[in-house]
Number of protein chains: 2
Amino acid sequence: MTNNYELYKVFYWAAKTGSLTQAAKALFLTQPSVSHAIKQLEDSFGITLFYRNSKGVALTQEGTILYSYIEKSQILISLAEEKMAALKNLDSGELRIGGSDSLFKHYLLPYLEDFHKRHPGIRLHLNHGTTPEIIAFLKEGRIDLGVVRMPIVDSQLDVRESIQLQDCFVAGARYAELKDVVLSLDMLLQYPVILFSRNSRARMAITELFQSYGHKLKPEIEVGSVDLLIEFARKGLGISYVTREFVSKELDEGALFEIQLDVRIPPSHVGIMTMRNMPLSSTASRFIELVR
Amino acid sequence: MTNNYELYKVFYWAAKTGSLTQAAKALFLTQPSVSHAIKQLEDSFGITLFYRNSKGVALTQEGTILYSYIEKSQILISLAEEKMAALKNLDSGELRIGGSDSLFKHYLLPYLEDFHKRHPGIRLHLNHGTTPEIIAFLKEGRIDLGVVRMPIVDSQLDVRESIQLQDCFVAGARYAELKDVVLSLDMLLQYPVILFSRNSRARMAITELFQSYGHKLKPEIEVGSVDLLIEFARKGLGISYVTREFVSKELDEGALFEIQLDVRIPPSHVGIMTMRNMPLSSTASRFIELVR
DNA sequence: AGGAGCTATAGACCACGTCTATGACTAATA
DNA sequence: TATTAGTCATAGACGTGGTCTATAGCTCCT
């Protein structure tokens, strides 16, 4: 036995208001429709659910038992509908982003702050990892979107290109003599170089660039965070390879200056990755919209 | 926002089976109907609920949230439908009967035993009281049916006449000399009479009978239970006014004998009362059917 | 390349749910 | 007692929306 669940909605309101007429008003129906619906339900069970009298209706013993179930059921549905509305309005929900720590700090932070201020009900989950890890997270459905350096080639992913970033070499006061000089790559190699750890994409890119000019780039120091790259350069421990946009403060203040090279380091882009052919949550698409 | 609740049934099965095709089978629909229903639900929320792929469908983050509500709701409805079926089959439920203790013991007991054996899932509630109390219980909806002595005149009640009962005077061995004598009322009054307590209908009826013949019936002893009427008569404390059918055992055994009178005591009927214009529960109507 | 799954889309159709109009009843008025 | 205003039930007409069939598009597997 399986009823049209619409009938339970009608039953709920009839029982709740104690009146078919009132139920009809609540449901934007006419009274005969409600009467008919209740009759259908009663016939389907072979059980009378209401006593009818001139003041309205009252649940029978069996009707009361039915109501005890249906009431809970209807309340759950109402909660579900409210919850869906909240998700839609971005009053509730969660946004799971994967990326590198440096991109979170230097690129995404202002957007995250803004988004959180606009939608305080949405919980933010930030997962850091290397590019392949981020891609794996995406494919496992553990994050909604990933933010990494381009280029990304993966047929399962959609990648939106975001701002351009320019990597460069920077030094502190200790190497002031290089400020107005244009260096060649082999000249640069005379100085101690500080690079990010081996498996990063930026590190691989610059190593390849040197290789393509017949040079071998061997760092004096390897560090695991962008902040240390900056800090070590300031302290004069060497020349750091960093993203210009991430050291704009230090460059403006004069704490660091950019080394001019006679070769052009190709710029890179930030890419926002999502799963291709998977619908985005309204939260995720709103966030992407904000970033672009 | 208020959806057609049928859509939630479809959503539930689609989520549960992870396949629109399977959901369609479970619901005896075609796959396009299910596809359409899910689309309607998604459009109504403005939220994508499922990822579609070539193996079937999988809930999105938001779909999972919706499912957590809808699953509970649907399970409650299933339980409700099962419960209604159980009530209908008399596998479950309750039957509330009002009556006097003596009628329960001497008239209803075998029916109650039989009914309980057939429908062990149904809880029996027996409420004893005087006839006006029973009627009040009925009108308050505290009992489903009342079993009392006729006649009952109440326009709000339906009364079904059941078996006939014959009241009579009985005595024990102490008054053996009356065994083959036909007594007149005034002769009877020479002996100590034991009656049921003042407000009973049987007591009122016999008092009126004596009055209509110009006699005043004044009991030597008044008792509050039929068992005591019988016991006192056996012990020779007087002549008890009892219902013949309730002392058939004692009459057969010779512990008591019936006093023959020169006037006929009108028989009375047992009446089964229910509320007029109030539908009977299937349980109650089944029981009444059994009794008649 | 072909087959066997899956879901989506288009368009036709008809049952069923809704409506209006009315009746029957009750309770509380005048 | 008659009136009125509120119940719910019933009958019958109407039209929409849910369901169907047919088909396309896609992915995966042989």
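Quick caveat, the model's predicted, so the values are computed rather than measured.

### Some thoughts on the overall build of chain A
Check the secondary structure of chain A and you find eleven helices and 14 strands. Its C-alpha radius of gyration of 32 Å places chain A more than 25% over the 19 Å reference for a compact globule of 292 residues. The C-alpha extent of chain A, read off along each of the three principal axes, is 100 × 35 × 25 Å. Within chain A, the fraction of its 292 residues that count as buried is 47%. Taking the intrachain contacts of chain A between residues at least 6 apart in sequence as the baseline, contacts between residues at least 24 apart amount to 72%. Carbon and sulfur atoms form 51% of the exposed surface of chain A, whose accessible area is close to 14500 Å². Separation between the mean location of the 33 positive side-chain charges and that of the 34 negative ones in chain A comes to 5 Å.

### Considering the environment of A:S92
Residue and element names in this part refer to chain A. Within the secondary structure, S92 is located in the loop between α4 (61-88) and β3 (93-99). The spacing of S92 and I265 is 173 residues in sequence and 43 Å in space, taken between C-alpha atoms. With residues up to four places along the chain from it excluded, the contact list for S92 reads K83, A86, L87, G121 and I122.

### Quick look at the pattern of salt bridges
Considering all chains together, one arrives at 21 salt bridges over all chains under this definition. Of the charged contacts, one joins A:R96 and A:D144 as a salt bridge, the two residues approaching to 2.8 Å between their closest N and O atoms. Of this pair, A:R96 sits in strand β3 while A:D144 is found in the loop between α6 (131-140) and β5 (145-149), placing the two residues 48 residues apart along the sequence. For A:D144, a relative accessible area of 12% translates into the label buried. For B:R52, the salt bridge is made with B:E42, and the minimal N-O distance between the two is 2.9 Å. Here B:E42 lies in helix α3 (residues 31-45) and B:R52 lies in strand β1 (residues 50-53), a separation of ten residues in the sequence. B:E42 sits in the buried class, given a relative accessible area of 9%.

### Points about the domain arrangement of chain A
According to the domain assignment, chain A contains domain 1 (6-88), domain 2 (93-164 + 270-291) and domain 3 (167-266). For domain 1 of chain A versus domain 3 of chain A, the separation of C-alpha centres amounts to 73 Å.

### A look at the sheet that holds strand β10 (residues 221-223) of chain A
Residues and elements named next belong to chain A. Judged by pairing direction, the sheet is mixed, and its five strands sit side by side in the order β10-β9-β11-β7-β12 without closing on themselves. Single-partner strands in this sheet number two, and they are β10 and β12 (257-258). Here helix α9 (residues 226-234) sits on the sheet in contact with β7 (167-171), β9 (193-196), β10 and β11 (239-243), set at roughly 170° to β9.

### Re the relation of the copies chain A and chain B
Once turned by 180° and shifted 0.1 Å along the axis, chain A lies on chain B with an RMSD of 0.2 Å. Such a turn and shift between the copies fits a two-fold axis. If distances are taken from each C-alpha of chain A to the rotation axis, the shortest is found for A:S73, at 2.1 Å. The fraction of interface residues of chain A whose copies in chain B are also interface residues reaches 100%, indicating that both copies meet through the same surface.

### Let's talk about the interface of chain A and chain B
Taken together, the contacts link 40 residues of chain A with 40 residues of chain B. Carbon and sulfur atoms make up 66% of the surface buried where chain A meets chain B, a total of about 3900 Å² over both sides. Put simply, chain A and chain B have zero salt bridges between them. Looking at the side of chain A that touches chain B, the elements with two or more residues in it are α1 (6-17), β1 (50-53), α4 and β3 of chain A.

### Points about helix α6 (residues 131-140) of chain B
Residues and elements named next belong to chain B. T131, I134, I135, F137 and L138 are the residues of α6 that are buried. Angular distribution of buried residues about the axis of α6 spans 155°; they occupy a single face of the element. Residues of α6 that are exposed and point more than 90 degrees away from the buried face comprise P132 and E140. Lining the buried residues of α6 we find β3 (93-99), β4 (122-128), β5 (145-149), β6 (157-165), α8 (201-212) and β14 (268-275). Positive backbone phi, approximately 80°, marks G141, located one or two places after α6.

### Details of the protein's contact with DNA strand D
In the region of DNA strand D, 20 residues are neighbours, and A:L20, A:T21, A:S35, A:R52 and B:T30 sit closest. Put simply, 72% of the atoms of DNA strand D that lie within 4 Å of the protein are in sugar or phosphate. Between DNA strand D and the protein, one listed contact pairs a base nitrogen with a side-chain N or O atom of A:Q31 at 3.1 Å. A distance of 2.6 Å separates a phosphate oxygen of DNA strand D from a polar side-chain atom of A:S35.

### Comments concerning the sheet that holds strand β11 (residues 239-243) of chain B
Note: strands within a sheet are paired through backbone hydrogen bonds, in either parallel or antiparallel orientation. All names here are of chain B. Taken in spatial order, the five strands of this open sheet run β10-β9-β11-β7-β12, and their pairing is mixed. The sheet terminates laterally at β10 (221-223) and β12 (257-258), the two strands that pair on one side only. Summarising the sheet, strand β9 (residues 193-196) and β10 pair through three bridges and their orientation is parallel. Opposite F196, over in β10, you have V223 as the bridge partner. Of the strands in this sheet, β7 (167-171), β9, β10 and β11 are in contact with helix α9 (residues 226-234), which crosses β9 at around 170°.

### Considering the environment of A:S33
Its location among the elements puts A:S33 in helix α3 (residues 31-45). Remark: the alpha-carbon pair of A:S33 and A:V10, spanning 23 residues in sequence, is separated by 9.4 Å.

Calculation notes
- Residues numbered from 1 in each chain as written.
- Chains lettered and ligands numbered in written order.
- Predicted model: local features only at pLDDT ≥ 70, side-chain atom pairs only at ≥ 80, totals over all residues.
- Heavy atoms only, no water.
- Helix = DSSP H or I, 4+ residues; strand = E, 2+ residues; numbered from the N terminus.
- Rg over C-alpha atoms; globule rule 2.2 N^0.38 Å.
- Buried < 20%, exposed > 50% of the residue type's maximum accessible area, 1.4 Å probe, protein only.
- Contact = heavy atoms within 4.5 Å.
- Areas by Shrake-Rupley, 256 points an atom, 1.4 Å probe, with all protein chains shown as cover.
- Lys, Arg positive; Asp, Glu negative; His and termini not counted.
- Charge placed at Lys NZ, Arg CZ, Asp CG, Glu CD.
- Salt bridge = Lys/Arg side-chain N within 4 Å of Asp/Glu carboxyl O.
- Domains from an automatic or database assignment.
- Pairing = 2+ DSSP bridges.
- Axes fitted to C-alpha atoms, helices over the stretch in contact; angles between N-to-C directions.
- Least-squares fit on C-alpha atoms with pLDDT ≥ 70 in both.
- Buried area = accessible area lost by both parts, 1.4 Å probe.
- Arc of directions from axis to C-beta.
- Near = heavy atom within 4 Å.
- Polar contact = N/O pair within 3.5 Å; in protein donor to acceptor, adjacent residues only side chain to side chain.

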